[in-house]
Amino acid sequence: MEILKRTLLIFLLVTGAVKLQAQTSAVLQKAFHNSYTNENNKNYVAAISDITPYYAEGNYELNIRLGWLNYLNKNYTASQAYYLKAINIKPGAIEAKFGYVKPLSYLQSWDKVVDQYLAIIKIDPQNTQANYWLGVIYYNRKQYDAAIKCFKAVINLYPFDYDGNHMLGWSSLMAGKKPDAQAYFGQALLIKPDDASSLDGLSKSK
């Protein structure tokens, strides 16, 4: 009889927990629905307010959502804080890292941006978006060999990509590798004939 009582108690506790979880999930779904509606109407303050009452420090979805909404609301300090929490909750995910890059860029925290792109590439070495924008940062910093490595990762996957070939051409030219630059500018001009930047680079690489 004692075993039956314990079994019944466990059953009731589990059933109650499942019902509570279902109710909580329904409430969150409604809150997110309202938040999306307000976001579509560009009412970002209301979109934030829709989900703030349900905020939990360890909830990935709430943190990444608030990171995005605060970014749209141009509160970049709050945005980066929420994105960072999301990264810490799921360090193996890359979406929060890409999100984190957005407010960091506006705050001109370029070293942190580089760190995020490197973290993404460590997880996903062939990620073209991370490789391309990391390459752009390296190019602007005049770190041309590092830029070349990033842009090559892009065109290895997308040989007929204009942006990758164009930036690889300029990086090669600035690194003093004129024959390579000519080849990449030539490829870029096949994709975008008469492109002024590629024509300029091609003339300078001869």
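Once a new chain begins, its residue numbering starts again from 1 and follows that chain's sequence as written. The predicted origin of the model limits local features to residues at a pLDDT of at least 70 and limits the giving and counting of side-chain atom pairs to 80 or more, whereas totals for whole chains, interfaces and linings rest on all residues. In computing side-chain values, all of the structure's heavy atoms are included and hydrogens and water are not.

### What to know about the overall build of the protein chain
Looking only at helices and strands, one finds 11 helices and zero strands in the protein chain. Secondary structure elements of the protein chain, listed N to C terminal, follow the sequence α-α-α-α-α-α-α-α-α-α-α. What makes two residues a contact is simply this: any of their non-hydrogen atoms within 4.5 Å. The long-range fraction of contacts in the protein chain, counting pairs at least 24 apart against all pairs at least 6 apart in sequence, stands at 44%. Here the protein chain has roughly 12,100 Å² of accessible surface; of this, 57% comes from carbon and sulfur atoms. Each helix is a run of H or I in the DSSP string that is no shorter than four residues. Each strand is a run of E no shorter than two, and both are numbered from the N terminus. Method for areas: the Shrake-Rupley scheme with a 1.4 Å probe, in which residue coverage is limited to the protein chains shown.

### Description of the nonpolar core
We call a set of buried residues a nonpolar core when its members are Ala, Val, Leu, Ile, Met, Phe, Trp, Tyr or Cys and they connect through side-chain atoms within 4.5 Å of each other. Exposure categories follow from relative accessible area, calculated using a 1.4 Å probe and restricted to protein chains: below 20% of the type maximum is buried, above 50% is exposed, and the middle band is partly exposed. Grouped together as the largest cluster of nonpolar side chains are 38 residues, with contacts concentrated most on Tyr-117, Leu-134 and Phe-151. Secondary structure elements with two or more residues in this core: helix 3 (60-72), helix 4 (76-89), helix 5 (95-106), helix 6 (110-123), helix 7 (128-140), helix 8 (144-157), helix 9 (162-174) and helix 10 (178-191). Contacts of Phe-151, omitting those with residues within four sequence positions, involve Tyr-132, Gly-135, Val-136, Gly-164, Met-167, Leu-168 and Ser-171.

### A few points about the packing of helix 2 (residues 44-51) against helix 3
Note on geometry: axes are C-alpha line fits, over the in-contact stretch for helices, and angles between N-to-C directions span 0 to 180 degrees. In the contact formed by helix 2 and helix 3, the axes pass within 9 Å of each other and the chain directions differ by 165°. When the interaxial angle is binned, helix 2 and helix 3 end up roughly antiparallel. The handedness of the crossing between helix 2 and helix 3 comes out as left-handed. Residue-level inspection shows Tyr-44, Ala-47, Ile-48 and Ile-51 of helix 2 in contact with helix 3, the latter providing Leu-62, Arg-65, Leu-66, Leu-69, Asn-70 and Leu-72. Every angle not falling under 35 degrees, over 145, or within 65 to 115 is termed oblique; those three ranges are roughly parallel, roughly antiparallel and roughly perpendicular. The handedness criterion is simple: a crossing whose near helix is rotated anticlockwise from the far helix by less than a right angle is left-handed, and one whose near helix is rotated clockwise is right-handed.

### Side note on the packing of helix 4 against helix 5
One way to put it is that helix 4 packs onto helix 5 with a least axis distance of 9 Å and a crossing angle of 155°. In terms of orientation, helix 4 lies roughly antiparallel with respect to helix 5. Considering only the axes of helix 4 and helix 5, their crossing is left-handed. Taken together, the residues of helix 5 that come into contact with helix 4 (itself represented by Tyr-76, Ser-79, Gln-80, Tyr-83, Leu-84, Ala-86 and Ile-87) are Ala-96, Lys-97, Gly-99, Tyr-100, Pro-103, Leu-104 and Tyr-106. Partitioned by chemical class, the residues of the contact of helix 4 with helix 5 number 10 nonpolar, three polar and one charged. Nonpolar residues are Ala, Val, Leu, Ile, Met, Phe, Trp, Tyr, Cys and Pro. Charged residues are Asp, Glu, Lys and Arg, and all others, Gly as well, are polar.

### A few points about the packing of aromatic side chains
Think of it this way: a Phe, Tyr or Trp ring, Trp meaning its six-membered ring, pairs with another when their centres are within 6.5 Å, and the plane angle makes it stacked under 30 degrees, edge-to-face over 60, tilted otherwise. In total, this model carries 11 aromatic pairs according to the counting rule given. Grouped by ring-pair contacts, the aromatic residues Trp-68, Tyr-71, Tyr-76 and Tyr-106 constitute a single cluster. Charge-over-ring placement is defined geometrically: NZ (Lys) or CZ (Arg) within 6 Å of the ring centre, and within 35 degrees of the ring normal. Stacked on the ring of Tyr-162, the Lys or Arg Lys-192 has its end atom at 4.4 Å from the ring centre.

### Structural notes on the side chain of Ser-35
Turning to its location among the elements, Ser-35 is positioned in helix 1 (residues 2-40). Under the relative-accessibility criterion, Ser-35 is labelled buried at 0%. Among all residues touching Ser-35, those that are not within four sequence positions of it are Ala-47, Asp-50, Ile-51, Arg-65 and Leu-69.

### Observations concerning helix 3
In an α-helix, one full turn covers 3.6 residues, which means residues spaced three or four apart are oriented alike. For a helix, the expected span equals 1.5 Å multiplied by the number of residues minus one. The end-to-end C-alpha separation of helix 3 is 19 Å, in line with the 18 Å expected for 13 residues at 1.5 Å each. Where burial is concerned, most of helix 3 is hidden: 10 out of the 13 residues are buried. Buried within helix 3 we find Tyr-60, Leu-62, Asn-63, Ile-64, Arg-65, Leu-66, Gly-67, Leu-69, Asn-70 and Tyr-71. Backbone geometry just after helix 3 places Lys-74 at a positive phi near 65°.

### Here's the deal with the pattern of salt bridges
Any Lys or Arg side-chain nitrogen located within 4 Å of an Asp or Glu carboxyl oxygen qualifies as a salt bridge. Per the counting criterion, the structure on display carries five salt bridges. The partner of Lys-204 in a salt bridge is Asp-200, with the nearest N and O atoms 3.3 Å apart. Placement of the pair is Lys-204 and Asp-200 together in helix 11 (residues 196-204), with a separation of four residues, close to one helical turn.

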